[in-house]
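Coordinate analysis (summary)
Below, each chain spelled out in residue letters.
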Amino acid sequence: MDALRQKYIDAIANVADESTLEDLRVAAVGKKGEVSLKMRELGKMTPEERQVAGPKLNALKDELNSALSAKKAALADAALDERLRSEWLDVTLPSRSRGQGTIHPVSQVTEEVSAIFADMGFTVAEGPQIENDWYNFDALNIPPHHPARQEFDTFYMNRAEGDDRPPHVLRTHTSPVQIREMEKTGAPIRVIAPGRVYRSDYDQTHTPMFHQIEGMAIGKDISMANLKWVLEEFFAAFFEIDGIKTRFRASHFPFTEPSAEVDIQCSWVDGQLRIGEGDDWMEVLGSGMMHPKVLQAGGVDPDKWQGFAFGMGIDRIAMLKYGIPDLRAFFDSDLRWLRHYGFSALDMPTLHGGLSK
Ligand code: PHE
């Protein structure tokens, strides 16, 4: 029994991993382990022999069991120590720098414009960028073969060969949203609709995709005076410049009568664009009183209701406000440009918190 004891005590002491230790446990005190087999032999002994051997065997079993569990704990501690050593991590090291994105001026200005018009009771709507012929043209009093269709430099979608229906278009303006919103809610109405529009045009102040914000207010006695007040109120808030000069020019759109285009005073000095000074003008919007046929197309009775509408170039007013000289750079995705002209994500424009950084 002493030899057995010594054999296992030594073996346990020398074990280096938990699975060998488990093998040892089975070999010693497992069901068919050496100690267990010895215990079975107790039955064949005389009562006197058993009285001596029984307690000794039990003591041996206890001793081995506690040696096994002590070793098991020691191995687990060692394993943990090893993990702590190998998985050690210095949390005080500076982290890898993460590129920080910026909010594009167009997004920022869209938010700014929305905040100002929301304050005047306008809700925000959106419409599809792929529009059908009717919403983009006919409903806005631009029938087929109307010369205004040519002025728009429209991008047409493809129709399958032999399909004679008019092709869908990339909307040339946000005005189709006027019709969609009238259909949706009827009069009275006060809504703005920002979004992308498309025309085949490209120079310093024109890109084939650009952004407009449509505005529309319909009521029983809405007039041109309301239009002028709303726009002047808007420009004062947006540019945060007292007495910023605007110019209302009589104009023509098929969907408004009378119509006016609005320019903002600006100057170009050494390629620098500045607003509120100089004797250049930048056209920023078209507007007017909604044509009765347009109200009708939207399901609004022109004998009961009247309204104004305007369409403003978001990119244009962003250029003016933030002194960005070339519109094309807006859509080049040049990171240096985006970092320079972009806004912090935390810089949400609100009327009370200030509209610009
Ligand atoms: N849709 C016109 C354009 O894109 C702008 C406009 C909108 C004019 C609403 C009058 C009324 O040029």
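It should be emphasised that the depicted structure is a prediction, and the values quoted were computed from it without experimental measurement.

1. Thoughts on the domain arrangement of the chain
Under the domain assignment, the chain is made up of domain 1 (2-86) and domain 2 (105-341). Just the C-alpha atoms count here: the centres of domain 1 and domain 2 sit 88 Å apart.

2. Some remarks on empty space enclosed by the protein
A probe as big as a water molecule, rolled over the atoms, marks out the empty space that is left. In this structure the tally under the stated criterion is one cavity of 30 Å³ or more. Roughly 40 Å³ of volume is contained in the largest cavity. Every residue lining the largest cavity is listed: Val-177, Gln-178, Glu-181, Val-191, Ile-192, Ala-193, Glu-214, Gly-215 and Met-216. Split into classes, the residues belonging to the lining of the largest cavity amount to five nonpolar, two polar and two charged.

3. A closer look at the pairing of strand E4 (residues 189-198)
Of all ten residues in E4, eight are buried; the element is thus mostly enclosed. Pairing analysis gives two bridges linking strand E1 (residues 123-124) to E4, with the strands arranged parallel. Across the sheet, Thr-123 pairs through a bridge with Val-191, a residue of E4. One ladder, built from ten bridges, connects E4 with strand E5 (residues 209-219); its direction is antiparallel. Opposite Pro-194, over in E5, you have Ile-213 as the bridge partner.

4. Some thoughts on helix H8 (residues 176-185)
By the burial criterion, the buried members of H8 are Pro-176, Val-177, Gln-178, Ile-179, Glu-181 and Met-182. Trailing H8 by a residue or two, Gly-186 shows a phi angle of about 65°, which is positive.

5. Quick word on the site of the ligand
Taken together, 14 residues sit near the ligand, with His-173, Ser-175, Arg-199, Gln-212 and Gly-311 positioned nearest. Separating a nitrogen atom of the ligand from a side-chain N or O atom of His-173 is a distance of 2.9 Å. Taking Arg-199, its side chain carries an N or O atom lying 2.7 Å from an oxygen atom of the ligand. Expressed as a share of its isolated accessible area of 320 Å², the protein-covered part of the ligand is 93%. Using a 2 Å cut-off from the grid points, one finds that the ligand occupies the largest pocket. Those elements that place two or more of their residues in the shell around the ligand are E5, strand E9 (280-290) and strand E10 (306-313). The greatest single-element share of the shell around the ligand, amounting to three residues, is contributed by E10. Among the residues forming the shell around the ligand, the class breakdown is four nonpolar, eight polar and two charged.

Quick notes on the rules
- Residues numbered from 1 in each chain as written.
- Predicted model: local features only at pLDDT ≥ 70, side-chain atom pairs only at ≥ 80, totals over all residues.
- Heavy atoms only, no water.
- Domains from an automatic or database assignment.
- 1 Å grid on protein atoms, 1.4 Å probe; cavity = no way out; pocket = protein on both sides within 12 Å on 5 of 7 lines; lining within 4 Å.
- Points joined across faces, edges and corners; volume = space filled by probe spheres on them.
- Nonpolar A, V, L, I, M, F, W, Y, C, P; charged D, E, K, R; others polar.
- Buried < 20%, exposed > 50% of the residue type's maximum accessible area, 1.4 Å probe, protein only.
- Helix = DSSP H or I, 4+ residues; strand = E, 2+ residues; numbered from the N terminus.
- Pairing = 2+ DSSP bridges.
- Near = heavy atom within 4 Å.
- Polar contact = N/O pair within 3.5 Å; in protein donor to acceptor, adjacent residues only side chain to side chain.
- Areas by Shrake-Rupley, 256 points an atom, 1.4 Å probe, with all protein chains shown as cover.
- Sits in = over half its atoms within 2 Å of the grid points.

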